[in-house]
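Residues per chain are reported as follows:
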Amino acid sequence: MRCLVFVFFLISIFYGCSDSKHTTAETKPQKLVYEPTWESLKKHNASPEWLKDAKFGIYFHWGVYSVPAYGNEWYARHMYVPGRKEFDYHKANYGDQSEFGYHHFIPQFTAENFNAEEWARIFKNAGARFAGPVAQHHDGFAMWDSEVNPWNSADMGPKKDITGALSKALKKNDLKLITTFHHAKNNQRNRDNPKKWDSWDSHFPYNPKWHTSSEDPKLSKLYGMIPEKDFDQYWFDQVKEVIDQYNPDMIWFDTWFNSIDTKKVQEMSSYYYNQANDKKQDVTIGYKQADLPKEVGIKDIEQGGRRELGERLWMTDITLSNKSWCYVQGQTYKSPDLVVRNMIDVFSKNGVVLLNISPMANGSIPEEQLTVLKEIGAWMKTHAEAIYETRPYTLFGFGPAIAEDGHFGGQSATVSYTAEDVRFTQSKDGKTVYLFMLGKPKPGEVVNLPLFSKRRYLPGSPIKRITILGYDDEVKYDSSSYKDFFLTIPEYGGNDIATVFKIELD
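This one's a predicted model, so the numbers in the text were calculated from it and none came from an experiment. (Residues numbered from 1 in each chain as written. Predicted model: local features only at pLDDT ≥ 70, side-chain atom pairs only at ≥ 80, totals over all residues. Heavy atoms only, no water.)

1. Description of the pairing of strand β2 (residues 130–136)
Within β2, seven of the seven residues are buried, which leaves the element mostly enclosed by the surrounding structure. Inspection of the sheet shows strand β1 (residues 56–60) paired to β2 by four bridges, in the parallel sense. Residue pairing in the sheet places I58 in a bridge with A131 of β2. One ladder, built from four bridges, connects β2 with strand β3 (residues 176–181); its direction is parallel. (Buried < 20%, exposed > 50% of the residue type's maximum accessible area, 1.4 Å probe, protein only. Helix = DSSP H or I, 4+ residues; strand = E, 2+ residues; numbered from the N terminus. Pairing = 2+ DSSP bridges.)

Right under this line is the structure:
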């Protein structure tokens, strides 16, 4: 009998140590190269070569908020704020908030048309070199197969491991994986202060009549009704789970780190960088505002960009849509020329673009979005050598375009550029300079570019020849003047979106 008990004991140990749901390798780092301190974390290379080369990625706001498809991706909050249009819309279409809560939308988030392989091909054909999901928005719903968060896409709604399926499909298509996290805002911090029940430091407004105030152990995890210290650990555990299961090449955070214990943020950063070190994987962390020291990650400027060339690699996240980041009824979209020209401006200033798209709740990507992505991809394919694996030139560019201020710093992501606006990149070896005119110049016109003259920013090496990408004919130029540089536009003119001159040097 004792032998039999011992056998069952061994079996229980074996299966207890094995995750019945996930089959991941041992996650404890072999050695702690990066301690959970800013001083130690600054030693990590926050600007991996692959990201400098990649330049362009795609992610998507897609989740439970895609079901009502009204207002924007903050529907989960706004449906509980009296006076907001979402509040009235919700009552009129779904009933009182006390009866139909946000979690009641989950069964309608079906994703029956989601196809990870197809999505990966769409992203790749659009020119992206990395891609991935909003792994969790402010609403607390996890888009991966989670043991930590019971509100997840594998157990509810789609009943699919969205992040897992995409991870496999992206890697199969030689794309890097990014996962973004927006859940630092989700904790309810104002339950004991009725004057702040709808304060911005918690995503869900508190109200005893609504599910957002529920003490139910499961509902409380969705709506953030967790003690702050416990929530910080819950925040960390979810990020760690994604790191362990999917090995993302970049994790990106939508700010509010000031709401999380700094030690927990340092612990997360240390864990990620040490795991990557053990796997010999070059990774980085995207952050906003002043959430991390500049040496620890890649700073992101939402819906905008820098006005000057950045000394450090940086990123901007922009969205293809006009009304919101997620799909909503009556959504409209930016034109390919507007998107590409603003992307070129970012590339010329040592930046990386993360472009957002907005799938529907059923997993379909609207045809209007696909059309814009195809046109972006066609332009990127023709002009690939001027974008990928390039580095900034001494001068980012010049021109008459007036850039409005962005909402989160720098300039907006919707500047109206023309062929009079010029931008530059150069090859890694410095033997080729690429000159972009952000539009199609007038055929036969002789353009003077004085800032590209001998006295300003003309390359130190002699010019061997100049061509337009997509054409074989050489372009006439005159660099003999000390203060002028004359470029003769061929009769075929160039490209309607942006014309790229390849300047080869001896």
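2. As for empty space enclosed by the protein
Within the structure shown, the criterion is met by four cavities of 30 Å³ or more. Of the pockets and cavities examined, the largest cavity occupies roughly 70 Å³. Taken together, G304, G305, T316, I318, N342, M343, D345, V346, V353, Q411, S412 and A413 make up the lining of the largest cavity. Looking at the lining of the largest cavity, the elements with two or more residues in it are β7 (304–305), β8 (314–319), α11 (336–348) and β12 (411–412). (1 Å grid on protein atoms, 1.4 Å probe; cavity = no way out; pocket = protein on both sides within 12 Å on 5 of 7 lines; lining within 4 Å. Points joined across faces, edges and corners; volume = space filled by probe spheres on them.)

3. Observations concerning the environment of V433
Position of V433 relative to the elements: it lies in strand β14 (residues 432–437). With relative accessibility at 1%, the residue V433 sits in the buried group. Separated by 20 residues in sequence, V433 and A413 have C-alpha atoms that sit 25 Å apart. When near neighbours in sequence (up to four residues on either side) are disregarded, V433 contacts Y393, F424, T425, Q426, P459, F501, K502, I503 and L505. (Contact = heavy atoms within 4.5 Å.)

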